[in-house]
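# Commentary on secondary and tertiary structure
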Amino acid sequence: MSNAPQTARGLTSHVGALFAGVFSALILVLALNYSGTPLLFLAYATSLPIFMAGLGAGALASLLATLAGSTSLFITVHANIALIYAFLYGIPAVGLSALALRYRIGNDGKTYWCPIGYLIAALPFYAAILFAALSGLTLMQGNIPVDMTQEALRAVVSQMEEAAKTSKTQIDLTLIKNSIESTAFFMPSLIGTAWVCITSLCLLAAQRILKKRKWNLRDSFELREMRMPAWLVYITLGLAIATALLRDPYLYYAYNMTLLFSLPYLLTGIAIAHALTSLMNKASVLALIVFYIALTIMPVFMLLVILLGIADQWLDFRHRWAGKPSHGTR
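Residues numbered from 1 in each chain as written. Predicted model: local features only at pLDDT ≥ 70, side-chain atom pairs only at ≥ 80, totals over all residues. Heavy atoms only, no water.

Bringing the pattern of salt bridges into the picture now. Here the structure, examined in full by the defined rule, presents three salt bridges. Its salt-bridge partner being Arg227, residue Asp316 comes within 2.5 Å of it at the nearest N-O pair. Of the two residues, Asp316 sits in the loop between helix 12 (299-315) and helix 13 (317-322) while Arg227 sits in the loop between helix 8 (180-212) and helix 9 (230-245), which places them 89 residues apart along the sequence. Each of Arg227, Asp312, Asp316 and Arg318 takes part in salt bridges that share partners, so that together they form one network. (Salt bridge = Lys/Arg side-chain N within 4 Å of Asp/Glu carboxyl O. Helix = DSSP H or I, 4+ residues; strand = E, 2+ residues; numbered from the N terminus.)

In structure tokens, the structure reads:
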């Protein structure tokens, strides 16, 4: 691209953003109406059109898309669905689009865009704010968040048992029943982690689609070079220390926040693994398969990958292997 980014493409782009917002809302409606079918997974792509509007025509376009989607849901479905859409899909897409399009002109005359690590690091903060807000509302109503989560999980298990009886299917839910208490304890971080991953994938997919059509405003994201901002590691380590020291009821919040803020370093560790395997030539594919299998079935290995991502903050593994100085994007 040229040294200066392109500007938004005017009225045509903004009209397109409105259509993108309506299409995004339609995706969510289809997912909700067919929640008992594979169409439920369409919900994962709800923010994709908003990201495409933002990364292709500017942050204002993503804001227009969010307003169009929220308004259409408010009119046709329900106000609660419109609020969920706005807070889970619209607002994050607007914020990330605005952040992604930030840039500076270096002394060499090149354009340096906001690094992908900064975008990923912003997501746990937003998830933490939502978690705190929902927890506060729950406490104001005289309920305890963990207890409410346990009740919700028990209700889901009961529905599964009823469905099994109706269809005359034998399903042993003993293990699920026995693990409800422990599962409820880390459910917020589990949901938050899934949301961060899905939102990140929508961001990357939107940029990829736009670049293929040459509609992108910024350069592509360099995932192998992904690094988190320096200040994030101190927040993550501080939360980990708090988790080790605190007891109930504060342990619940510290534990979930630690897991949530560790996710960016898990992704950094994965980026390091990809950079390392790229040096293996023919064995790289096999090495990545083994890596992801271990990551999936071994929680201890996942912890090691997180620690690898944290250690990279100071040791800068990828540039050491490449024999290059750091780009200074931390």
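Picking up where we left off.
With that out of the way, let us pick up the packing of aromatic side chains. This structure, assessed with the given rule, holds 14 aromatic pairs. Consider the rings of Tyr234 and Trp314, whose centres lie 6.5 Å apart with planes at 75°: the pair is edge-to-face. A residue pair is termed long-range when its members are at least 10 positions apart, and Tyr234 in helix 9 and Trp314 in helix 12 qualify at 80 residues. Take Tyr234: its relative accessible area is 55%, and that puts it in the exposed class. Put simply, the rings of Phe131, Phe185, Tyr252, Tyr253 and Tyr255 pair up and form one aromatic cluster. Its end group placed over the ring of Tyr112, Arg104 keeps NZ or CZ at 4.8 Å from the ring centre. A cation sits over an aromatic face here: Arg213 above Trp215, 5.5 Å from the ring centre. (Phe/Tyr/Trp six-rings, centres within 6.5 Å; stacked < 30°, edge-to-face > 60°. Buried < 20%, exposed > 50% of the residue type's maximum accessible area, 1.4 Å probe, protein only. Lys NZ or Arg CZ within 6 Å of the ring centre and 35° of its normal.)

Residue position: Asp312 is located in helix 12. The exposure class assigned to Asp312 is buried, which follows from its relative accessible area of 1%. Polar side-chain contacts of Asp312 include one of 2.9 Å to the backbone nitrogen of Phe317. (Polar contact = N/O pair within 3.5 Å; in protein donor to acceptor, adjacent residues only side chain to side chain.)

The next point concerns a nonpolar patch on the surface. Taken together, Phe23, Leu26, Leu30, Tyr34 and Leu39 make up a surface patch of nonpolar side chains, about 450 Å² in accessible area. In this structure, Leu39 sits in the loop between helix 1 (10-33) and helix 2 (48-57). (Patch = residues over 30% accessible without salt bridge, like charges linked within 9 Å, V, L, I, M, F, W, Y side chains within 5 Å. Areas by Shrake-Rupley, 256 points an atom, 1.4 Å probe, with all protein chains shown as cover.)

The backbone of Lys214 shows a phi angle near 60°, a positive value even though the residue is not glycine. Within the chain, Asp316 stands out as a residue other than glycine whose phi angle is a positive 55°.

The next subject is helix 4 (residues 79-100). Taking 1.5 Å per residue, 22 residues should reach 32 Å; helix 4 reaches 30 Å between its end C-alpha atoms and fits that length. Of all the bends in helix 4, the greatest measures close to 40° and is centred on Ala86. Listed in full, the buried residues belonging to helix 4 are Ala82, Tyr85, Ala86, Tyr89, Gly90, Pro92, Ala93, Val94, Leu96, Ser97 and Ala100. (Expected span 1.5 Å × (residues − 1). Bend = angle between axes of the 7 residues up to and from the residue.)

Of the residues in the chain, 88% reach a pLDDT of 70 or more, and the chain-wide mean stands at 85. Across residues 1-8, confidence stays below pLDDT 50; counting only partners more than four residues off in sequence or on other chains, it has 18 contacts. This stretch, residues 325-330, has a pLDDT under 50; its non-local contacts, to residues over four places away or in other chains, come to 16 contacts. (pLDDT = per-residue confidence, 0-100. Contact = heavy atoms within 4.5 Å.)

Moving on to the packing of helix 4 against helix 5 (residues 116-140). With their axes 11 Å apart at the nearest point, helix 4 and helix 5 run at an angle of 150° to one another. Here the hand of the crossing between helix 4 and helix 5 comes out right-handed. Every residue of helix 5 that contacts helix 4 at Phe87, Leu88, Ile91, Pro92, Leu96, Leu99 and Ala100 is listed here: Tyr118, Leu119, Ala122, Leu123, Tyr126 and Leu130. Grouping the amino acids of the contact of helix 4 with helix 5 by side-chain chemistry returns 13 nonpolar, no polar and no charged. (Axes fitted to C-alpha atoms, helices over the stretch in contact; angles between N-to-C directions. Left-handed = near helix turned anticlockwise from the far one by under 90°. Nonpolar A, V, L, I, M, F, W, Y, C, P; charged D, E, K, R; others polar.)

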